[in-house]
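Here is what each chain is made of, one letter per residue.
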Amino acid sequence: MTKVEIKPLNHPALIQLLNQRKIPIELARQYCKEVHYSLNGKSYFAVAFPNNKGGFETLNPYFKGYFPHKEISIFDRQTQAVHLFEGFMDYLSLLTMQAKQAEVSAIVLNSTTNLEKAVPFLSKHKKINAFLGNDDAGKLALGKLQKLNLPMMDISKRNAEYKDVNDYLCGNKLPQFQKKETN
């Protein structure tokens, strides 16, 4: 990746992507930037969500990625409870539906493979609200956390008909055959 440029979130295609995901642009701008970069001589752009290593998780209509390192994103609000999310769109979706939740500490894994990195922060809290996906990766992560005996509440089962928080916000229910597998 070369010629990386970070700037305010304004590209029409990215705003359209956020609109499709029902994330208000004003909210997205509080948390995200826009990144432009070159890769193998081609130019790309994406929504960029900061992570704890000074890098970004990226999303555009065709690709989900990161640079320079994949890492968790922590929002430490010094609360007794913490919200746990797989991806940043789910975090922004909760804030879209309930703005006051921005006052609660949160951690975005940016991939369930980052779960172990999150455990030290999670274990400092008296209550963990797990907004993980209703897919295999989300269920596996939830199972790992439950084995650690952390004070967890599985919020995702409230929305079992949806893959994740953003699909709930958008009203995109799981197909019938997948619903049976998630029960």
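These numbers come from a predicted model, not from an experiment.

Parameters and conventions
- Residues numbered from 1 in each chain as written.
- Predicted model: local features only at pLDDT ≥ 70, side-chain atom pairs only at ≥ 80, totals over all residues.
- Heavy atoms only, no water.
- Pairing = 2+ DSSP bridges.
- Helix = DSSP H or I, 4+ residues; strand = E, 2+ residues; numbered from the N terminus.
- Axes fitted to C-alpha atoms, helices over the stretch in contact; angles between N-to-C directions.
- Contact = heavy atoms within 4.5 Å.
- Salt bridge = Lys/Arg side-chain N within 4 Å of Asp/Glu carboxyl O.
- Buried < 20%, exposed > 50% of the residue type's maximum accessible area, 1.4 Å probe, protein only.

Participant: Residue-level account of the sheet that holds strand 2 (residues 33-39), with values.
Facilitator: Here we have five strands laid out as an open sheet, ordered 1-2-3-4-5, and antiparallel in their pairing. Strands at the two margins of the open sheet, each flanked by one partner only, are strand 1 (2-7) and strand 5 (64-67). Strand-to-strand, the axes of this sheet are offset by a mean angle of 30°, without reference to chain direction. When strand 3 (residues 42-50) meets strand 4 (residues 56-59), the two strands line up antiparallel, connected through four bridges. Looking across to strand 4, one finds that Ala-48 is bridged to Thr-58. Where helix 1 (residues 12-20) meets the sheet, its contacts fall on strand 2, strand 3 and strand 4, and the angle it forms with strand 3 comes to roughly 45°.

Participant: Break down the pattern of salt bridges for me, with residues and values.
Facilitator: Pairs can form between side chains of opposite charge whenever their charged atoms are close. According to the stated counting rule, one finds seven salt bridges in the structure shown. Between Lys-117 and Glu-71 there is a salt bridge, with its nearest N and O atoms 3.4 Å apart. Residue Lys-117 is located in helix 4 (residues 115-122), and its partner Glu-71 is located in the loop between strand 5 and strand 6 (73-75); the two are separated by 46 residues in the primary sequence. A relative accessible area of 8% means that Glu-71 is categorised as buried. Between Lys-163 and Asp-164 there is a salt bridge, with its nearest N and O atoms 3.5 Å apart. Exposure remark for Lys-163: the relative accessible area of 36% places this residue in the partly exposed category.

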